[in-house]
Amino acid sequence: MLVLRARVLSPIDPNTVRFLDDALVVIGGTGRIVDVRPPDGTPVDADLRPGVLTPGFVDAHLHYPQVRKVGAATGPLLDWLEGEIFPEEARFADPEHARHIAEVFCRSLAAAGTTLALVYGSVHPEATDILFQALDRAGLRAIAGPVLMDEHCPEVLQLPPDQALPALEALADRWHGHDGRLQVAVIPRFALSCSEAMLAGAGRLSRERGLLATAHLAENPEECALARDRFGTPDYLTIYEQAGLVHDRSVFAHCVHLSDSEWDRFAAAGARVAHCPDSNFFLGSGHMPVEQVERRKIPLCVGTDVAAGRTFRVPRILSSAYDNAVAVGTPVDPRRLLWWGTRGGALALGETRVGSIERGMSADLVWSDLPEWGDNVDCAPAWLLFDHDAPRPHRTWVRGRVVWDREGGGYPW
Ligand code: GUN
Ligand code: ZN
């Protein structure tokens, strides 16, 4: 049993958070929270005050082979991919390189307070297996897979469906459901890097094996026009619909340039948005129309989108989501932002056991600094999300096990 004394900030629903200025969080041997209660004389293992415990953050979209390209300011999207990203991802044919970066990547997630992530690999199945090994050792929760690419990209990054899909199945055999923490995702990178056969195979695999499917969608106007042209469809979403990739286990990153009709069909299918505002700002991709999502009650999660996004820290991304929402005229409350980055994000990824500090939930937690005066339910979420000068979190736990300790861990790389 582990007993932590701390301030506690946790979402209750999309509009409500709970803030306790002084509480005990009691964690059982199985890594579940067994109680959250006022201090009552029970001996504590650690007193974290004036620091705050929140649920671990959920990063619903980022790229493991892009760690070394954070800050490569060479957008827009298609130029950045050709010039910076594809050559970098080609290096993951080398298992030594993959091993090194996989370690850095996992440390970067844990140091940022992220306990659950949806991760795109490179095209290489072996490099993705190496990523799973690193995630397993790091103790993190993740849903990951290699990106599927077989057209219109450098030849060294193309893997035809008859090799890529069996390799993905083998990864699913090995890792899907591993230790209750790891899952395998089907990831056709985006329409422009996939043939029709690849997309159809990806849709089939996702449905047959019940695997989460994820892809980039409508991030950049030039990408949208090229995709429509190449597939001869009236809009972008049709390409994924025809492949059976739009369903209630689909997560689409960006969704900046969709029509009303696409939004209607997206919502009707039960698909989810991974909102990546910092990446959208950095590559000049545009603003995500939050009201289209909210009006249709589409589940929303947020993604750092490293490396087009410039940070592993989900609170920074939530701050960018605020800026995006202001820019499109629909400001969003910090409580809702916190929901997107924790419990709401987890639910959008289909994970029900994490994302809030309540009895019965998994003890996936982060200990962050909070000024003494951030002592109420209005101030605390705002400070946590909007104080860009705040240091990295002190400590991160998954299932009550420490996966990162700032004092012992140094800088992730
Ligand atoms: N679209 C296709 N690939 C990528 C990628 O790696 N990053 C982003 N932001 N968009 C993409
Ligand atoms: Zn991305």
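Let me begin by describing the structure that accompanies this report. Because the structure is predicted, anything quoted here is derived from the model rather than measured.

**Here's the deal with the sheet that holds strand 14 (residues 300–302)**
Now for step 1: With respect to topology, four strands assemble into an open sheet ordered 11-12-13-14, the strand pairing being parallel. Of all strands in the sheet, those bounded by a partner on one side alone are strand 11 (213–217) and strand 14. The sheet shows a mean angle of 25° between the axes of neighbouring strands, direction not considered.

**A closer look at the site of ligand 1**
Now for step 1: Neighbouring ligand 1 are 13 residues; His63, Gln66, Arg189, Glu219 and Asp305 lie closest to it.
Now for step 2: Side-chain polar atom of Arg189 to an oxygen atom of ligand 1: 2.7 Å apart, as the coordinates give it.
Now for step 3: His216 has a polar side-chain atom sitting 3.4 Å from a nitrogen atom of ligand 1.
Now for step 4: If ligand 1 stood free it would expose 280 Å²; the protein chains cover 100% of that surface.
Now for step 5: Using a 2 Å cut-off from the grid points, one finds that ligand 1 occupies the largest cavity.
Now for step 6: The biggest single contributor to the shell around ligand 1 is helix 1 (residues 77–90), with three residues.
Now for step 7: Within the shell around ligand 1, the residues separate by chemical class into five nonpolar, five polar and three charged.

**Here we look at the packing of aromatic side chains**
Now for step 1: Taken as a whole, this structure holds ten aromatic pairs when the rule is applied.
Now for step 2: For the ring pair Phe105 and Phe312, a centre distance of 5.9 Å and an interplane angle of 65° mean the geometry is edge-to-face. Placement of Phe105 in helix 2 (residues 95–111) and of Phe312 in the loop between strand 14 and helix 11 (314–327) is noted, with a sequence separation of 207 residues between them. Each member of the pair Phe105 and Phe312 is classed as buried.
Now for step 3: Three or more aromatic residues joined by ring pairs make a cluster, and in this case those are Tyr236, Tyr240, Phe252, Trp263 and Phe266.

**What about the pattern of salt bridges?**
Now for step 1: In the structure shown here, the tally under the stated rule is 31 salt bridges.
Now for step 2: A salt bridge links Glu96 to Arg99, with the shortest nitrogen-to-oxygen separation between them at 3.4 Å. A residue pair is termed a helical-turn pair when its members lie 3 or 4 positions apart in one helix, as Glu96 and Arg99 do in helix 2 at three residues.
Now for step 3: On the accessibility criterion, Glu96 (52% relative accessible area) is exposed.
Now for step 4: Since its relative accessible area comes to 36%, Arg99 is described here as partly exposed.
Now for step 5: Residue Arg335 pairs with Asp333 through a salt bridge whose shortest N-O separation is 3.2 Å.
Now for step 6: Among the ionic contacts, a cluster of salt bridges with common partners joins Arg5, Asp22, Asp47 and Arg49.

**Points about the environment of Pro95**
Now for step 1: Within the secondary structure layout, Pro95 lies in helix 2.
Now for step 2: Each C-alpha atom of the pair Pro95 and Ala127 lies 6.1 Å from the other, and the pair is 32 residues apart in sequence.
Now for step 3: Not counting chain neighbours up to four residues away, the residues in contact with Pro95 comprise Glu126 and Ile130.

**Focus on the coordination of the zinc ion (ligand 2)**
Each donor-metal-donor angle in an ideal tetrahedron of four donors is 109.5 degrees, and each such angle in an ideal octahedron of six donors is either 90 or 180 degrees.
Now for step 1: Taken together, the protein donors to the zinc ion (ligand 2) comprise His61 (NE2), His63 (NE2), His216 (NE2) and Asp305 (OD), at separations of 2.0 to 2.3 Å.
Now for step 2: Each donor residue of the zinc ion (ligand 2) lies on one chain, and together they are spaced H-x1-H-x152-H-x88-D. Of the two residues, His61 sits in strand 5 (residues 57–63) while Asp305 sits in the loop between strand 14 and helix 11, which places them 244 residues apart along the sequence.
Now for step 3: Residue classification places His61 among the buried positions, given a relative accessible area of 0%.

Conventions adopted
Residues numbered from 1 in each chain as written. Chains lettered and ligands numbered in written order. Predicted model: local features only at pLDDT ≥ 70, side-chain atom pairs only at ≥ 80, totals over all residues. Heavy atoms only, no water. Pairing = 2+ DSSP bridges. Helix = DSSP H or I, 4+ residues; strand = E, 2+ residues; numbered from the N terminus. Axes fitted to C-alpha atoms, helices over the stretch in contact; angles between N-to-C directions. Near = heavy atom within 4 Å. Polar contact = N/O pair within 3.5 Å; in protein donor to acceptor, adjacent residues only side chain to side chain. Areas by Shrake-Rupley, 256 points an atom, 1.4 Å probe, with all protein chains shown as cover. 1 Å grid on protein atoms, 1.4 Å probe; cavity = no way out; pocket = protein on both sides within 12 Å on 5 of 7 lines; lining within 4 Å. Sits in = over half its atoms within 2 Å of the grid points. Nonpolar A, V, L, I, M, F, W, Y, C, P; charged D, E, K, R; others polar. Phe/Tyr/Trp six-rings, centres within 6.5 Å; stacked < 30°, edge-to-face > 60°. Buried < 20%, exposed > 50% of the residue type's maximum accessible area, 1.4 Å probe, protein only. Salt bridge = Lys/Arg side-chain N within 4 Å of Asp/Glu carboxyl O. Contact = heavy atoms within 4.5 Å. Donors = N, O, S within 2.8 Å, 3.2 Å for Na, K, Ca; no water.

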